[in-house]
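Observations on the model geometry
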Protein chains: 2
Amino acid sequence: MLIGSQDVTASPVFQAVDPSVGKTLEPAFAEASPAHVERAAKLAAEAFPIYRETSPEVRAAFLDGIAAKIEALGDELVERASRESGLPLPRLVGERARTTGQLRLFANWVRAGGADEPRLDPALPDRKPMPRADLRLRHIGVGPVAVFGASNFPLAFSVAGGDTASALAAGCPVVVKGHPAHPGTSEMVGRAIRAAVVEAGLPEGVFSLLTGTTNELGGALVADPRIMSVGFTGSRAGGLALMRIAAARPVPIPVHAEMSSINPVFLLPAALEARGDALGAAFVGSLTLGAGQFCTNPGLVIGIAGPALDRFIAAASAAVEKAPATTMLTPGIHAAYGKGVAELEGNAGVTSLARGIVGEGANACGAALFVTDASAFLADPALSKEVFGASSLIVRCADAAQMLEVARGLEGQLTATLHLDAGDHSLARDLMPLLEERAGRILANGWPTGVEVSHAMVHGGPFPATSDPRGTSVGTLAIQRFLRPICYQDLPDDLLPDPVKQANPLGLPRLVDGRPMTGA
Amino acid sequence: MLIGSQDVTASPVFQAVDPSVGKTLEPAFAEASPAHVERAAKLAAEAFPIYRETSPEVRAAFLDGIAAKIEALGDELVERASRESGLPLPRLVGERARTTGQLRLFANWVRAGGADEPRLDPALPDRKPMPRADLRLRHIGVGPVAVFGASNFPLAFSVAGGDTASALAAGCPVVVKGHPAHPGTSEMVGRAIRAAVVEAGLPEGVFSLLTGTTNELGGALVADPRIMSVGFTGSRAGGLALMRIAAARPVPIPVHAEMSSINPVFLLPAALEARGDALGAAFVGSLTLGAGQFCTNPGLVIGIAGPALDRFIAAASAAVEKAPATTMLTPGIHAAYGKGVAELEGNAGVTSLARGIVGEGANACGAALFVTDASAFLADPALSKEVFGASSLIVRCADAAQMLEVARGLEGQLTATLHLDAGDHSLARDLMPLLEERAGRILANGWPTGVEVSHAMVHGGPFPATSDPRGTSVGTLAIQRFLRPICYQDLPDDLLPDPVKQANPLGLPRLVDGRPMTGA
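A brief report on the enclosed structure follows. (Residues numbered from 1 in each chain as written. Chains lettered and ligands numbered in written order. Predicted model: local features only at pLDDT ≥ 70, side-chain atom pairs only at ≥ 80, totals over all residues. Heavy atoms only, no water.)

Turning to the pattern of salt bridges, a few remarks are in order. For the structure shown, the criterion picks out 64 salt bridges over all chains. The salt bridge partner of Glu199(A) is Lys69(A), with a shortest N-O separation of 2.9 Å. Taken as a pair, Glu199(A) in helix H6 (residues 183–199) and Lys69(A) in helix H2 (residues 56–72) lie far apart in primary sequence, 130 residues in all. For Glu452(A), the salt bridge identified is with Arg127(B), shortest N-O distance 2.7 Å. Of this pair, Glu452(A) sits in the loop between strand E22 (439–444) and strand E23 (483–489) while Arg127(B) sits in the loop between strand E7 (119–121) and strand E8 (135–141), placing the two residues on different chains. Residue class for Glu452(A) comes out buried when judged on its relative accessible area of 17%. Here the residues in one salt-bridge network are Arg52(A), Glu53(A), Arg138(A), Glu436(B) and Glu437(B), joined through shared partners. (Salt bridge = Lys/Arg side-chain N within 4 Å of Asp/Glu carboxyl O. Helix = DSSP H or I, 4+ residues; strand = E, 2+ residues; numbered from the N terminus. Buried < 20%, exposed > 50% of the residue type's maximum accessible area, 1.4 Å probe, protein only.)

Residue and element names in this part refer to chain A. Between its first and last C-alpha, helix H8 (residues 236–248) extends 18 Å over 13 residues, near the 18 Å set by a 1.5 Å rise per residue. For H8, every residue scored as buried is listed here: Gly239, Leu242, Met243 and Ala246. Buried residues along H8 cover an arc of 105 degrees about the axis, so they all sit on one side. In H8, the exposed positions angled more than 90 degrees off the buried face are occupied by Ala237, Arg244 and Ala248. (Expected span 1.5 Å × (residues − 1). Arc of directions from axis to C-beta.)

So, on to the sheet that holds strand E19 (residues 368–373) of chain B. Here 12 strands make up an open sheet; going across it, the order is E25(A)-E24(A)-E7(A)-E8(A)-E23(A)-E22(B)-E21(B)-E14(B)-E15(B)-E20(B)-E19(B)-E17(B) and the pairing mixed. Of all the strands in the sheet, just strand E25 (515–517) of chain A together with strand E17 (350–355) of chain B have a single pairing partner and so form its edges. The average undirected angle you get between the axes of adjacent strands in this sheet is 25 degrees. Taken together, the five bridges between E17(B) and E19(B) define a ladder with antiparallel strand orientation. Following the sheet pairing, Thr351(B) is matched in E19(B) by Val371(B). (Pairing = 2+ DSSP bridges. Axes fitted to C-alpha atoms, helices over the stretch in contact; angles between N-to-C directions.)

Okay, the relation of the copies chain A and chain B next. Taken as rigid bodies, chain A and chain B are interconverted by a rotation of 180 degrees and an axial shift of 0.0 Å, the fit giving an RMSD of 0.0 Å. The relationship between the two copies is best expressed as a two-fold rotation axis. Using C-alpha coordinates, one finds that chain A approaches the rotation axis most closely at Ala247(A), a distance of 3.5 Å. Both copies share a contact surface, since 100% of the interface residues of chain A are interface residues in chain B too. (Least-squares fit on C-alpha atoms with pLDDT ≥ 70 in both. Contact = heavy atoms within 4.5 Å.)

Now for unusual backbone geometry. The peptide bond linking Glu26(A) to Pro27(A) adopts the cis configuration, its omega dihedral lying at -10 degrees. Note that Pro27(A) resides in the loop between strand E5 (23–24) and strand E6 (29–30). Of the consecutive residues Phe463(B) and Pro464(B), the connecting peptide bond is found in the cis state with omega at 5 degrees. Of note, the phi angle at Asn263(B) is positive, near 50 degrees, even though the residue is not glycine.

Here you go:
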């Protein structure tokens, strides 16, 4: 473990497993105890007053430094990540680029004032009936943030992933609870962050990495009174458990949990008629990407019964049957996938369409495709459950009205997708408001896997996709989860923080009397 | 009650009390039943898809219309509010101006794009290794919002107060649970809102007003699955109860509760030396304003022991002794005030300095001033409890170090105030970071009562001042509590909502590739 500047070993220990061969990997990693949680949280709280007051340039250079130091780890990082996750090297090379690009995007966003968002309402001493005081607002970090690494993106949603990047950009120290499936990868990335902390001359408590396998560890971290916010990507049960702990604290705190989504794909009639076969093949490409282990995996496909949907089903089934089995992230995820698929197979309302090639290796995910009727789908909430992995359910509707009914019955989602042609716009217009109220991102004629890291991205959505639809865990808007506003009234200029000083020494864009002003 | 377009009467009933004479006021008002909650929430949910898609101009004209219709109620409104609250007419005339000004500020903020905040990341088809899709983000309302009227501002924090104005501005229908202390005022304002709903041609469910006296009513409203967010101003116990209900729902929702604050005032040595007497008199003016019934009432004053603090204490005590007793809002609040003051009087570590003039009328609040030593204050959490009313506690510190220790021991606050001169800046610099982490607004050389409604205002702060320090319930930033982002990926232009259409038909300012662009 990396607690501030200290390397910490302890017993008991645990080891990662190479899921492709089912063998444990050296070395062993420590199980964090309550005392370790305590120490990491204490250091984070001590670091907060100093770190939150770093200038945009210092904080941005720190984020850039993390990116550079992750790159400097070279092939060793992606090779370890591949062994610990079963994910292929090219995928991890791409994920590393996304991770470092994300850190640099936040660095530039901080430089542009995205962490301060200052507002000035100048004094109006002559206003009647009452003068107006001089009011200046800026944002600061909420305090130390606990980040839970996810298993499915050992780089981009883990130790230096989106939650860490946005919390650090906001000026919040971070205590990461590393995912136990990739402790070696976590340690390498954690050391890169720590080296960047040293290089930037920041207090050691800005970053700590705790390792361990127990739910108690995560619970103790969220319960610690110095932790002020939580970023989590994982299962619905895990997210709900953390939400309960956070709400029961003497000082309740928000949990930003990204949990569960089946990412419905609507095949509208004209598009389906025009290219049912091609859509079927492309769909399976998205479904089986990364063994289906994406939060945005298309787990539900909705179409209107007829020959065009039959062509889609035939093409998709053929593609599934040819899909090679790929290693899943952990034996636990593999077992849960098997259970989820078996439940669908055993459901009287569901027909099994196709299974992928049975794999030789350990923990291999054979893709699975099912079909059901809309009436059965609407009657059985079990069919809306996320099966994490390359399994998907096609829902056959009698007509457009029933397609709308299925949309109305959906829980909150990260994404909703429409495949449409010009002739489908009328039906799409009926679907759009239903999807807007149920999803964080709506796509046309694409596939939901693949999440751009940019300013306009939303990786969030209504419950249970996330714990709070007002946030996103990807893109620059993610920083707002970890910021709070402070107003300064009539403070002497030399006591004001730089972002709201009269002379605007940082050159930030500011809202003056409600009007945007550039910093120049 | 006003449920959508219907006037609803029911039994049992309750009546308001004129607190200045302790007599019930005609007429009687209905106690809302679960069926009434159900109907108001259903109408709100039906109205949401239509109301959230109104153009900025339609929504702004609606908010302006509410303001105009409140003004059109004339003196009858402030007279009824005065009878129901015991607050004097001039104060209520001012509060009405603040309420209508607030509605118009939000109207103009919506016109300026403050409810949409669009972001565009244009497609990059030639980017390597992967093209970028066309991404467009806008915000929509989170859904129907439950608003709890507060007792102490029967206009500005009640039926058409800041929570209602910001929720309506965000595109959310509102179901108000009116405060039972001013049901007549609530009904008049509710009718004004309803008339504005009709005039704007909006669905009836955009606004409903439920009345009643029970905790069960509020609980049922927050538990209703169609309610997606909550705005509350009131007691710590009340806010915590709603937070528990909201967190226990199958779909948990945020509660924006503004609860409890004692608003510490720090008297720094040079300022105290220069004008201890004047500060003492001015302090009592702020303390007794509105019978001390402000969320921002200065309930704690911290100074360093010595002759200058003694002068402050003498001047403040003299002012308190001359302060006339004023009617409190309700018999319940009056009784709680008496209990709080008695607890301080009975505390062995506390000395009673002065009591205001004993009032003749019912429910009159006699101001109360106490003093204690910092060591006693730090040792007894009971001394940090809010006493709602014109009671304040002076904390005498041995030195500057102990003043900092007192600051470190404070819970979250809405405000923190510094009285300082040039010679105090060094000590102020030590205090500032402690106060930033504990308060939503920091003032210099003023008094915390009086909250400007503007862009840079923050009326919020860390727990228990509010349930979530990321929000404010006053000022244009308040709208963000009720908005969520949605991303559109590669949608055909004619399916995109106006705020993110390529031609920018609404002329909104938008963030394009992270750079602010005016709508012109």
